[in-house]
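If you want the building blocks of each chain, they are given just below.
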Amino acid sequence: MKPVSLFLGCIIPNRYPGIEKATKIVLDELGVDWADLKGASCCPAPGVFRSFDKVTWLTLAARNIVLSEQMNRDVLTICNGCFGSLSDANHELKNDHSLVKKINKNLAEVNMEYSGTSDVRHIIEFFYKDIGVGKIKEAVTHPLDIKAALHYGCHLIKPSRERDLGTVENPVFFDELLEATGAKSVEYEDKMACCGAGGGVRSALLDKSLEMSNAKLLHMAQAGVDCIINACPFCHLQLDFGQVEIKDKFGHEYNIPVLHYSQLLAIAMGHSPESVGLDLNFIKKEEFMDKLGG
Amino acid sequence: MTKEPANLLEDEGFSFLTCMQCGTCTGSCPSGRYTSLNTRRIVLSARRNKDVYHDDDLWMCTTCYQCQERCPRGIKIVDGILTLRAESVHLGVMLPAHRKVAELVMDKGHAVPINDANRANRKALGMDELPETVHKYPQALDHVKKLIKATGFDKLIEEAGEQE
């Protein structure tokens, strides 16, 4: 297993630091050789920056990858958007020498050079492929008796051409990881639907993006789940703070707690919900916290 | 001179011309259930060289890639939409909210920078107030700013017009 550098992105360290803390806890508990990726910037966000200028998107993404190359580590992302951005950029650069020449001309401005020696990983596929469901299960000391609505998020599995994670219509690998914690992954209508935040839609067309989230939340609520599990802080923000916005704008109240998988796994390893920032979420539910604590 | 949409997409390797207008993309689109986005129409407009660069619907795509995954002809629809968007930005079209996101990265290196509440949250969790990103390393932020200048991104955002 190649050592990894931890790429935090923007939303995790700056809005949901509990996810950062939980990730570091679970990586330590699983014995992963990880290090902070010091000085990394925004990935930059794939849906918007690639929409503005492809060369800028590739240059800033390449800089983040080079920081990891310099440490001789693969990049480990905790966010679907960061994964989409960095892994797609890495793939383009690894397969296009003329593009590398162009990007390296920009990187020379800061004495950097992209060489294509690091891969970009997402924590969920890293857990599944490199750690394994069995080892995760072994690390769980406090199995959780909860029903969860799993949200894969789009960019973890799509575009599938470079992801190597099997079907995008009915994937199961994340469900297996979820159930390794003792939780039950509950089926719900339109499970693979987008949360509605990506591509700059949340920032420019908030109401429309919330209509998409509302449909998702309604289906989750109809399935009678205790919580929502995700692997993307942007989906996390949309489904957590989005519930506050939806209540305010449309009058629908769901009150379903939202957790990143790292937080859930840390809790299943015996860490308290508060120690991984669950009480810092917008949606707080005492009954659920008790269930986790008990 | 601006390239016509069909030529732009062809040069970038997107086979929009092979579209048989089956509508699978539109039927699969989560955004299209709530917005006017009709991916099938965008593909058709682009191949007919209509002015898709000023089409508001381009910006309603959440880039979930469902249309692209399901397209029976394997057309890279989302990647094509991103290419059309970029050409649109280079023609001066940019939504005010997107300009703000771009400016945040130019200024702070993060699309969502730290704020006081989350500095406090980090401390409450026993973490450093600032993460190990450009927020903590000013020289790293300088590098990001230099690269943004090198690609001309700062000028592009400055010149991009604001839509109502």
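For the structure, see preceding data.
Residues numbered from 1 in each chain as written. Chains lettered and ligands numbered in written order. Predicted model: local features only at pLDDT ≥ 70, side-chain atom pairs only at ≥ 80, totals over all residues. Heavy atoms only, no water.

1. Thoughts on the overall build of chain B
Here's step 1: Within chain B one finds nine helices and two strands.
Here's step 2: When the elements of chain B are put in sequence order from the N terminus, they spell out α-α-α-α-α-β-α-α-α-α-β.
Here's step 3: Computed over its C-alpha atoms, the radius of gyration of chain B comes to 19 Å, more than 25% above the 15 Å expected for a compact globule of 164 residues.
Here's step 4: Referenced to the eigenvectors of the C-alpha coordinate spread, the extents of chain B come out at roughly 55 × 35 × 30 Å.
Here's step 5: Residues classed as buried in chain B amount to 54% of the 164 residues present.
Here's step 6: Taking the contacts inside chain B whose residues are at least 6 apart along the sequence as the reference set, 64% of them involve residues at least 24 apart.
Here's step 7: Counting 22 positive and 23 negative side-chain charges, chain B places the centres of these two groups 5 Å from one another. (Helix = DSSP H or I, 4+ residues; strand = E, 2+ residues; numbered from the N terminus. Rg over C-alpha atoms; globule rule 2.2 N^0.38 Å. Buried < 20%, exposed > 50% of the residue type's maximum accessible area, 1.4 Å probe, protein only. Contact = heavy atoms within 4.5 Å. Lys, Arg positive; Asp, Glu negative; His and termini not counted. Charge placed at Lys NZ, Arg CZ, Asp CG, Glu CD.)

2. Describing helix α8 (residues 138-150) of chain B
Owing to its 3.6 residues per turn, the α-helix aligns residues three or four sequence positions apart on the same side.
Here's step 1: With 13 residues, α8(B) extends 18 Å from end C-alpha to end C-alpha; this agrees with the ideal 18 Å at 1.5 Å per step.
Here's step 2: Of all the residues in α8(B), the buried ones are Ala140(B), Leu141(B), His143(B), Val144(B), Leu147(B) and Ile148(B). All buried residues of α8(B) lie within an arc of 155 degrees about the axis, which places them on one face of the element. Turned more than 90 degrees away from the buried face of α8(B) sit Pro138(B), Gln139(B) and Lys149(B), all of them exposed.
Here's step 3: In this structure, the buried residues of α8(B) make contact with α4 (54-69) and α6 (97-107) of chain A together with α6 (96-108) and α9 (153-159) of chain B.
Here's step 4: Trailing α8(B) by a residue or two, Gly152(B) shows a phi angle of about 80 degrees, which is positive. (Expected span 1.5 Å × (residues − 1). Arc of directions from axis to C-beta.)

3. Here we look at the sheet that holds strand β2 (residues 34-36) of chain A
Residue and element names in this part refer to chain A.
Here's step 1: Taking strand neighbours across the sheet as the criterion, the four strands line up as β2-β1-β3-β4 in an open arrangement whose pairing is parallel. Strands at the two margins of the open sheet, each flanked by one partner only, are β2 and β4 (120-122). When strand polarity is set aside, the average angle formed by the axes of neighbouring strands in this sheet is 35 degrees.
Here's step 2: The strands touched by α4 are β1 (4-7), β3 (74-77) and β4; relative to β3, the strand with the most contacts, the crossing angle is about 120 degrees.
Here's step 3: Strands in contact with helix α5 (residues 80-94) are β1, β3 and β4; relative to β4, the strand with the most contacts, it is inclined by about 155 degrees. (Pairing = 2+ DSSP bridges. Axes fitted to C-alpha atoms, helices over the stretch in contact; angles between N-to-C directions.)

4. A few points about the interface of chain B and chain A
Here's step 1: Counting from both sides, the interface comprises 58 residues of chain B and, opposite them, 62 residues of chain A.
Here's step 2: Here chain B packs against chain A, burying approximately 5,100 Å² in sum over the two surfaces, 63% of which is carbon and sulfur.
Here's step 3: Of all residues in chain B, the largest losses of buried area upon contact with chain A belong to Tyr34(B), Leu125(B) and Leu147(B), amounting jointly to 14% of the total for that side.
Here's step 4: Where Arg33(B) meets Asp190(A), a salt bridge forms, and the shortest distance between an N and an O atom there is 2.8 Å.
Here's step 5: Summed over the shared surface of chain B and chain A, the number is 28 residue pairs in polar contact (both at pLDDT 80 or more). (Buried area = accessible area lost by both parts, 1.4 Å probe. Salt bridge = Lys/Arg side-chain N within 4 Å of Asp/Glu carboxyl O. Polar contact = N/O pair within 3.5 Å; in protein donor to acceptor, adjacent residues only side chain to side chain.)

5. Focus on the sheet that holds strand β7 (residues 227-230) of chain A
Here's step 1: Across the sheet, four strands lie side by side as β6-β5-β7-β8 (chain A); this open sheet has parallel pairing. Only two strands of the sheet have a single neighbouring strand rather than two, namely β6 (184-185) and β8 (258-260) of chain A.

6. Observations concerning the layout of surface pockets
Here's step 1: In this structure, the largest pocket encloses a volume near 970 Å³.
Here's step 2: Breaking the lining of the largest pocket down by element, the ones donating at least two residues are α1 (11-15), α3 (46-52), α5, α10 (201-204) and α12 (233-250) of chain A together with α6 and α7 (116-124) of chain B.
Here's step 3: At five residues, α12(A) tops the list of elements feeding residues into the lining of the largest pocket.
Here's step 4: In terms of residue class, the lining of the largest pocket is built from 29 nonpolar, 14 polar and three charged.
Here's step 5: As a volume, the second largest pocket reaches approximately 750 Å³.
Here's step 6: Considering the residues around the second largest pocket, the lining is formed by 29 residues, among which Lys54(A), Leu58(A), Glu92(A), Glu12(B) and Thr83(B) are closest to the centre.
Here's step 7: Secondary structure elements with two or more residues in the lining of the second largest pocket: α4, α5 and α6 of chain A together with α5 (77-90) and α9 of chain B.
Here's step 8: It is α5(B) that contributes the most residues to the lining of the second largest pocket, six residues altogether. (1 Å grid on protein atoms, 1.4 Å probe; cavity = no way out; pocket = protein on both sides within 12 Å on 5 of 7 lines; lining within 4 Å. Points joined across faces, edges and corners; volume = space filled by probe spheres on them. Nonpolar A, V, L, I, M, F, W, Y, C, P; charged D, E, K, R; others polar.)

7. Some details on empty space enclosed by the protein
Residue and element names in this part refer to chain B.
Here's step 1: This model, assessed by the stated rule, comprises eight cavities of 30 Å³ or more.
Here's step 2: Roughly 110 Å³ of internal volume is contained in the largest cavity.
Here's step 3: Lining the largest cavity we find 14 residues, and of these Cys19, Cys22, Cys25, Cys71 and Ile75 sit closest to its centre.
Here's step 4: For the lining of the largest cavity, the secondary structure elements donating two or more residues are α2 (24-28) and α3 (39-47).
Here's step 5: Of the residues belonging to the lining of the largest cavity, the class tally is nine nonpolar, three polar and two charged.

8. Here we look at the nonpolar core
Here's step 1: If you look at the biggest cluster of nonpolar residues, it comprises 93 residues, and the most contacted ones within it are Phe49(A), Phe52(A), Leu84(B) and Phe153(B).
Here's step 2: Once you skip the residues sitting within four places of it in the chain, Phe153(B) turns out to touch Phe49(A), Phe52(A), Asp53(A), Thr56(A), Ala102(B), Met106(B) and Ile148(B).
Here's step 3: Counting residues in hydrophobic clusters, the runner-up holds 56 residues, among them Leu27(A), Leu156(A), Ala183(A) and Leu292(A). (Core = buried A, V, L, I, M, F, W, Y, C linked by side-chain atoms within 4.5 Å.)

9. Looking at the packing of aromatic side chains
Here's step 1: Taken as a whole, this structure holds 10 aromatic pairs over all chains when the rule is applied.
Here's step 2: Ring geometry for Phe49(A) versus Phe153(B): centroids 5.9 Å apart, planes at 45 degrees, classification tilted. Of this pair, Phe49(A) sits in helix α3 while Phe153(B) sits in helix α9, which puts the two residues in different chains.
Here's step 3: An aromatic cluster of three or more residues is present, and its members are Phe126(A), Phe127(A), Tyr128(A), Tyr152(A), Phe173(A), Phe174(A) and Tyr261(A). (Phe/Tyr/Trp six-rings, centres within 6.5 Å; stacked < 30°, edge-to-face > 60°.)

10. Quick notes on the pairing of β1(A)
Every regular strand shows the same layout, with side chains that alternate between the two sheet faces.
Residues and elements named next belong to chain A.
Here's step 1: In β1, alternate side chains face the same way, and those of Val4 and Leu6 on one face and Ser5 and Phe7 on the other are all buried.
Here's step 2: Sheet topology note: the β1/β2 ladder contains three bridges and is parallel. When the sheet's bridge partners are listed, Leu6 is paired in β2 with Asp36.

11. Description of helix α13 (residues 261-268) of chain A
Residues and elements named next belong to chain A.
Here's step 1: Extensive coverage of α13 is indicated by the burial of eight of its eight residues.
Here's step 2: Along α13, the residues classified as buried are Tyr261, Ser262, Gln263, Leu264, Leu265, Ala266, Ile267 and Ala268.
Here's step 3: Remark: Gly270 follows α13 within two positions and exhibits a positive phi of approximately 105 degrees.

12. Describing the packing of helix α11 (residues 206-222) of chain A against α12(A)
Residues and elements named next belong to chain A.
Here's step 1: Viewed as axis vectors pointing N to C, α11 and α12 meet at an angle of 105 degrees, and their least axial separation amounts to 9 Å. By the criterion of interaxial angle, the relationship of α11 to α12 is roughly perpendicular. Touching Leu206, Asp207, Ser209, Leu210, Glu211, Ser213, Asn214, Lys216 and Leu217 of α11 are Gln238, Leu239, Gly242, Gln243, Glu245, Ile246, Lys249 and Phe250, all from α12. (Parallel < 35°, antiparallel > 145°, perpendicular 65-115°, else oblique.)

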